[in-house]
Amino acid sequence: MSDEHHHQELGFIQKYVFSVDHKVIGIQYAVTSLIFLLFGFTLMMVMRAQLAYPNGDFGIIGKIFGRGVESGVMLPEFYNMLGAMHGTVMIFLGVVPLAVGGFGNYVLPLQIGAPDMAFPKLNMASYWSFLVGGIIMIASFFTPEGPAQSGWTSYPPLSDINPGQTIWLLGMVFLITSSLLGSVNFIVTTIQLRAEGLSFFRLPFFVWAQLVTSFLLLLAFPPLEAAAVLQLMDRLAGTSFFLPSGLVVGGNMLDVAGGGNPLLWQHLFWFLAHPEVYVLILPAMGIVSEIIANNTRKPLWGYKSLVYATVFLGFMSFIVWAHHMFLTGMGSTMSNFFQTTTMIISVPSVVILTALIISLWGASIRFTVPMLFALAFLPMFAIGGLTGLPLGLAASDIHLHDTYYVIGHFHYVVAPGTIMALFAGIYYWYPKATGRFMNKLLGHMHFWGTFIFMNGVFMPMFLQGMAGVSRRLYDQTGYLHGEAVQDLTIASSWSAWLLGVAQIPFIINFFLSIKAGKKTDNNPWQATTLEWSAPSPPPHGNFLTEPVVYRGPYEYSVPGASEDFSPQINKNA
């Protein structure tokens, strides 16, 4: 590579802590977000204990968190804190940073043949902004007021007057800033730093998914950052952006100027939060597409249709947000508009899913651990998408809104769906990052435990939701319809705890394989894309010689070729 990459040896702090190398930053993002995912999952297991056994003794929980329990009974305010922070941590500190910051940072520059990201110092600033935001969020547990308790959506006026919300808003400002810095970097890197010969329709689908995701982050996050600042001003500066006139709190008129509109927050929030769903799912689709192409030993079916569907999906995601707001009384004309766009946006999702399923047809499938997770993603995402259709229609959404059905739908997209794909990506690119395989037996134990118990957690929620159980009840047994499905609640909770046990093989595997894993060569999966032509692990600058691309990303089993894979850098088949 160029002379700028023949650099003097950096010290430990510069090389591994305040690093500007995209690979180190990607690993920092991945490990940090996995820790946050474990923390958010732990909060969920505590919530499931309360739901399954609402009269149980939670004294030990009070000792751990220092609050939330009286005479062994969990307080509803503490349950609300757990709910708000579980959603916030899992989405904004876990899945998005892992999918975009982790996989995007590590893999994307390698897949386009770039020596690094376009703005390495901006990349470092993105990670540290994310880490500061995460620390602020977690630190809220140790403040006198405690963490936010108004749900991960933080609807005013409740969020404007509840304690704990200020720190949540400050944390969100840092997290949003991190995503904005990262998205600018990904867009410029993808457009400007592609290797010679790597035209846009020779890009791996993973790169397309990350590129569209970056545009979603860049365009959708600023409204939420503005909303967070406005809500901070409501709380700290006496403004009334979201506080209406005549608000009565605790029997007394709230002493504010009033004139604000709580629905303004919902519009600003969901304008980000619906594209956010695709920020979660598109990188997952990109990961799964790479693994399916590699393990079927054939090209992805309908590559261009996948690309066009992804771009259209990104565009449409900006004009469906108010299907989360059918109960706000927007009127039948606007309801019809958002119903229609919601049905339209299901089409590109089906195109992508169908193309990936057809890619399996007639294939000689290798059932590796990454492939098992990738295959599991397909039906899990299909269930998540299919169950979302009734929520996109105003007539059925009125009955299902804010019930457990919504939790089941959303989690099937994000947990059995996206998180399955993220696990697939970890197992797939681990040899590239470390030069060693993860243990296959531990991988199979992790897969089957995760697959079975994830479905055990979320499948009963559809039945609970159709029975009318509200999503935010901390004790369902006080209601006849909740009491009727309490057995399902207990089954779901036990599945959640067993799901936690199923992650132990993964944690052992992840750390043990760094030193004890079987060593690999540069291309252990016999893959075609550019990252596999770099050493494992890649050095500073990534490639020993500047790569030149001669062919498409998925030339597997080409007739007449000497092998069943033709790497992009091979001039001759």
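Our structure's up above, just so we're on the same page.
Quick caveat: nothing in here was measured; it's all calculated off a predicted structure.

Caption draft 1: Just the packing of helix H4 (residues 76–111) against helix H5 (residues 120–139), in detail. Packing of H4 against H5 leaves a shortest axis separation of 11 Å and a crossing angle of 165 degrees. Put simply, H4 runs roughly antiparallel to H5. When you trace H4 past H5, the crossing you get is left-handed. Together, Met85, Thr88, Val89, Phe92, Leu93, Pro97 and Asn105 of H4 and Asn123, Phe130, Gly134, Met137 and Ile138 of H5 make up the contact between the two elements. In terms of residue class, the contact of H4 with H5 is built from 8 nonpolar, 4 polar and no charged.

Caption draft 2: Here's a closer look at the nonpolar core. Core analysis: the biggest nonpolar cluster contains 171 residues, and Leu224 and Phe377 have the highest contact counts within it. The element best represented in this core is H4, accounting for 20 residues. Those residues in contact with Leu224 that lie beyond four places of it in its chain are Met172, Ile176, Trp265, Leu268, Phe269 and Leu272.

Caption draft 3: Examining the environment of Phe78 more closely. Relative to the assigned elements, Phe78 resides in helix H4. Excluding residues that lie within four positions of it along the chain, Phe78 makes contacts with Ile61, Phe65, Arg67 and Gly68.

Caption draft 4: Here's a closer look at the pattern of salt bridges. Taken as a whole and assessed by the stated rule, the structure comprises 5 salt bridges. Asp21 is the salt-bridge partner of Lys23, the closest N and O atoms lying 3.0 Å from each other. Overall, Lys23 belongs to the buried group, its relative accessible area being 5%. According to the relative accessible area criterion, Asp21 is buried, its value standing at 11%.

Caption draft 5: Examining empty space enclosed by the protein more closely. A complete count under the given rule lists 1 cavity of 30 Å³ or more for this structure. Space inside the largest cavity adds up to approximately 190 Å³. Lining the largest cavity are 21 residues; nearest its centre among them are Tyr29, Val96, Pro97, Ser178 and Ser179. Mapped by element, the contributors of at least two residues to the lining of the largest cavity are H4, H5, helix H7 (165–192) and helix H8 (205–236). Of the residues belonging to the lining of the largest cavity, the class tally is 12 nonpolar, 8 polar and 1 charged.

Parameters at a glance
Residues numbered from 1 in each chain as written. Predicted model: local features only at pLDDT ≥ 70, side-chain atom pairs only at ≥ 80, totals over all residues. Heavy atoms only, no water. Axes fitted to C-alpha atoms, helices over the stretch in contact; angles between N-to-C directions. Helix = DSSP H or I, 4+ residues; strand = E, 2+ residues; numbered from the N terminus. Parallel < 35°, antiparallel > 145°, perpendicular 65-115°, else oblique. Left-handed = near helix turned anticlockwise from the far one by under 90°. Contact = heavy atoms within 4.5 Å. Nonpolar A, V, L, I, M, F, W, Y, C, P; charged D, E, K, R; others polar. Core = buried A, V, L, I, M, F, W, Y, C linked by side-chain atoms within 4.5 Å. Buried < 20%, exposed > 50% of the residue type's maximum accessible area, 1.4 Å probe, protein only. Salt bridge = Lys/Arg side-chain N within 4 Å of Asp/Glu carboxyl O. 1 Å grid on protein atoms, 1.4 Å probe; cavity = no way out; pocket = protein on both sides within 12 Å on 5 of 7 lines; lining within 4 Å. Points joined across faces, edges and corners; volume = space filled by probe spheres on them.

Nothing here speaks to function; it is geometry throughout.
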